[in-house]
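Below, each chain spelled out in residue letters.
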Amino acid sequence: MHQLEIRGLKAAYGNLTVLDGITLAVERGEIIGLIGPSGSGKSTLLRALVGLLPPGDGEVVLDGKPVFYRNSGQLRQVRDRLAIVFQQFNLFQNMTVLENVTITPVKIKGRPRAAVEAEAKDLLAKVGLANKLAAYPDELSGGQQQRVAIARALALKPDILLLDEVTASLDPELVSEVLDTIRLLAADGMTMLIVSHEMGFIRELSSRVVFMAGGKVVEIGAPKQIFDAPREVRTREFVSKILRH
Amino acid sequence: MWDHLVAEAPRFFTYWNLRFFVLAGLTTVALSFTGCILGGIAGLALGTVRLTRSKPLSPVRVIAILYTEIFRRVPFLVTLMLVFFAFQLSGVELPLFAIGAISVFLIASAFLAEIIRGGMLAVHRNQWDAAETMNFTLIQALRHVVLPQAWRIILPPAFGFFVLFIKDTALASQIGVVELTYAGKVLNNRGFSATLSFGTILVFYFIISYPLTRLGAYLEARLASTRNPRA
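One numbering rule holds for all chains: residues counted from 1, following each sequence as written. Each chain is given a letter, starting from A, and each ligand a number, starting from 1, according to the order in which they appear as written. Where totals are concerned, whole chains, interfaces and linings use all residues; where local detail is concerned, this predicted model gives features only for residues with pLDDT of at least 70, and gives and counts side-chain atom pairs only at 80 or more.

Topic: the overall build of chain B
A run of DSSP states H or I qualifies as a helix once it reaches four residues; a run of E qualifies as a strand once it reaches two. Both are numbered from the N-terminal end. Of regular secondary structure, chain B possesses nine helices and zero strands. Element order for chain B, N to C, with α for helix and β for strand: α-α-α-α-α-α-α-α-α. Over its C-alpha atoms, taken along the principal directions, chain B stretches across nearly 70 × 55 × 25 Å. Once C-beta atoms are placed from the backbone, any two residues with those atoms within 7 Å are in contact. Contacts in chain B between residues at least 24 apart in sequence constitute 76% of all its contacts with a sequence separation of at least 6.

Digging into the interface of chain A and chain B
Contacts between the two partners involve 19 residues from chain A and, on the opposite side, 18 residues from chain B. Where the side of chain A that touches chain B is concerned, the elements lending two or more residues are α2 (72-81) and α3 (97-108) of chain A. For the side of chain A that touches chain B, the element with the most residues is α3 of chain A, which contributes four residues. Class assignment of the residues belonging to the side of chain A that touches chain B gives a composition of nine nonpolar, five polar and five charged. Residues are grouped as follows: Ala, Val, Leu, Ile, Met, Phe, Trp, Tyr, Cys and Pro are nonpolar; Asp, Glu, Lys and Arg are charged; all remaining types, including Gly, are polar.

Quick word on the pairing of strand β9 (residues 208-213) of chain A
Residues and elements named next belong to chain A. Across the six residues of β9, five count as buried, placing the element largely inside the fold. For two strands to be treated as a pair, DSSP must find at least two bridges joining them. By the bridge criterion, four bridges tie strand β3 (residues 31-35) to β9 in an arrangement that is parallel. Looking at β9, one finds that glycine 33 is bridged to valine 209. Where β9 and strand β10 (residues 216-221) come together, five bridges link them in antiparallel fashion. From the neighbouring strand, phenylalanine 211 faces β10, where its bridge partner is glutamate 219. Partly exposed residues are those falling between the two cut-offs: more than 12 but fewer than 20 other C-beta atoms within 10 Å of their own, whereas 20 or more means buried and 12 or fewer means exposed, with C-beta atoms placed from the backbone.

Description of the packing of α3 of chain A against helix α5 (residues 142-155) of chain A
Residue and element names in this part refer to chain A. Orientation is described by axes fitted as lines to C-alpha atoms, over the contacting stretch for helices, and by angles from 0 to 180 degrees between their N-to-C directions. As a packed pair, α3 and α5 sit with axes 8 Å apart at the nearest point and diverge in direction by 20°. Looking at the two axes, α3 sits roughly parallel to α5. At the point where α3 passes α5, the crossing takes the right-handed sense. For the pair formed by α3 and α5, the contact residues are Val97, Asn100, Val101, Thr102 and Pro105 on the first element and Val148, Ala151, Arg152 and Ala155 on the second. Here the residues of the contact of α3 with α5 are counted per class, giving six nonpolar, two polar and one charged. Each angle receives one of four descriptions, namely roughly parallel if under 35 degrees, roughly antiparallel if over 145, roughly perpendicular if within 65 to 115, and oblique otherwise. Handedness of a crossing is defined here by the sense of rotation of the near helix relative to the far one, left-handed for an anticlockwise turn of less than a right angle and right-handed for a clockwise turn.

Things to note about the sheet that holds strand β2 (residues 16-26) of chain A
Residue and element names in this part refer to chain A. The four strands are arranged β2-β1-β4-β5 in an open sheet whose pairing can be described as antiparallel. A strand with exactly one partner marks an edge of an open sheet, and here the two such strands are β2 and β5 (65-66). With four bridges joining them, strand β1 (residues 4-13) and strand β4 (residues 59-62) adopt antiparallel strand pairing. From the neighbouring strand, leucine 4 faces β4, where its bridge partner is leucine 62. Its contacts with the sheet put helix α1 (residues 42-49) on β1, β2 and β4, and the angle it makes with β2 is roughly 75°.

Points about the pairing of β4 of chain A
Residue and element names in this part refer to chain A. The pairing of β4 with β5 spans two bridges and is classified as antiparallel. Bridge pairing in β5 links valine 61 to proline 66. Between the end of β4 and the start of β5, which pair antiparallel, lie two residues, with aspartate 63 showing a positive phi angle near 50°.

Following this line, the structure appears as structure tokens:
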């Protein structure tokens with residue numbers, strides 16, 4: 001049984017179709033790299049999975065059970081199991097680093113504060129921010145904020161982590177610290193869907209790479225296949241453009 | 001003229017006249033309180049409803065939009081007259097103060113709804129997205145994430161509105177509510193000089209609205225600091 005299966009998923013912003021029948025199966029512990037030109041629907045796919053887009057046709061199946069996004073109880077369950085990290089970090093600006101990581105487990109899930117705080121401190125130490133617990137987001141660099149956002153997502157104990165261009169709004173010298181954090185997670189066996197323009201990173205870490213264009217999956221394959229010997233013309237064009245730079 | 005005022009003062013500042021002013025002042029405070037506090041609570045509810053997107057709530061949303069858009073555009077005096085005559089026509093007998101308070105509430109809630117909604121909209125969409133994907137309910141998102149960031153945007157125009165609004169409650173005198181302005185008119189009609197009568201209510205209005213301005217400044221400093229006390 002696949003951990004996550006997406007079958008013919010469609011979604012639209014008004015009349016504009018942004019996901020046009022996405023089909024993809026993800027196994028436990030797999031790292032899926034999602035690549036493609038801007039507007040190809042990669043980020044939209046992640047947003048649709050966590051229910052930030054109104055559901056269209058198609059089906060999302062989690063551990064063999066279809067998810068009905070219109071059912072608020074099921075939507076809550078999905079959001080308990082899938083955590084998303086956004087390109088813009090989306091940290092709560094009115095809270096410290098520690099509060100950002102603990103608010104959801106304590107206030108929303110009702111877990112005891114002491115245990116959650118101990119876990120949060122461990123997680124923040126793991127992402128190298130043990131000394132920033134009392135800092136506010138606007139006192140941190142972009143890379144530090146993104147690592148807090150990753151720690152916050154991990155504090156939810158998700159089954160699957162969705163990373164939406166997490167390095168795209170960072171200065172180049174800060175990218176590596178975030179990528180190192182993700183490498184640690186990969187080593188722990190976390191299932192991840194990663195949207196990124198860091199091709200070297202996608203190639204290094206992904207179990208499989210999905211090339212998307214125009215809201216469709218064009219090609220799925222091992223990194224070696226996608227980057228070295230793509231079968232589809234569009235993949236080849238995209239990869240050759242990327243590798244030229 | 002100054003001599004005239006000095007000569008008149010002992011006759012003017014009697015216990016009964018001052019008592020009359022204080023009671024009228026309390027009516028002004030009560031009307032303002034109804035507008036600011038009850039109107040603020042209703043405004044928060046209206047503003048929040050307008051921000052929701054769920055389909056089952058759409059009839060409530062339409063009502064909230066009509067309510068705020070209509071009452072923000074109607075002059076206070078017109079609303080006051082409408083409420084006054086509506087109750088007269090319906091045969092329901094209400095004290096004049098209640099009619100004044102209802103009118104004040106209608107106008108204040110509509111204005112404050114827009115001030116509050118504007119403040120909440122100014123909080124970046126990504127804060128809402130993050131809360132939503134972590135299973136915050138609307139109320140939880142408002143309480144923990146959105147309102148703490150929106151206060152600093154809401155408070156200055158809200159307190160500006162409160163101060164303007166205290167002065168607008170004077171219009172309730174048009175239907176006979178004995179508030180400060182009405183008290184000034186009564187004493188002026190009794191033969192006291194207009195300078196003394198209206199000069200005194202000026203002081204009363206100041207006494208009511210100045211602490212409110214200070215409270216606004218205090219709350220702004222206090223609540224704004226919840227974002228980052230060291231910034």
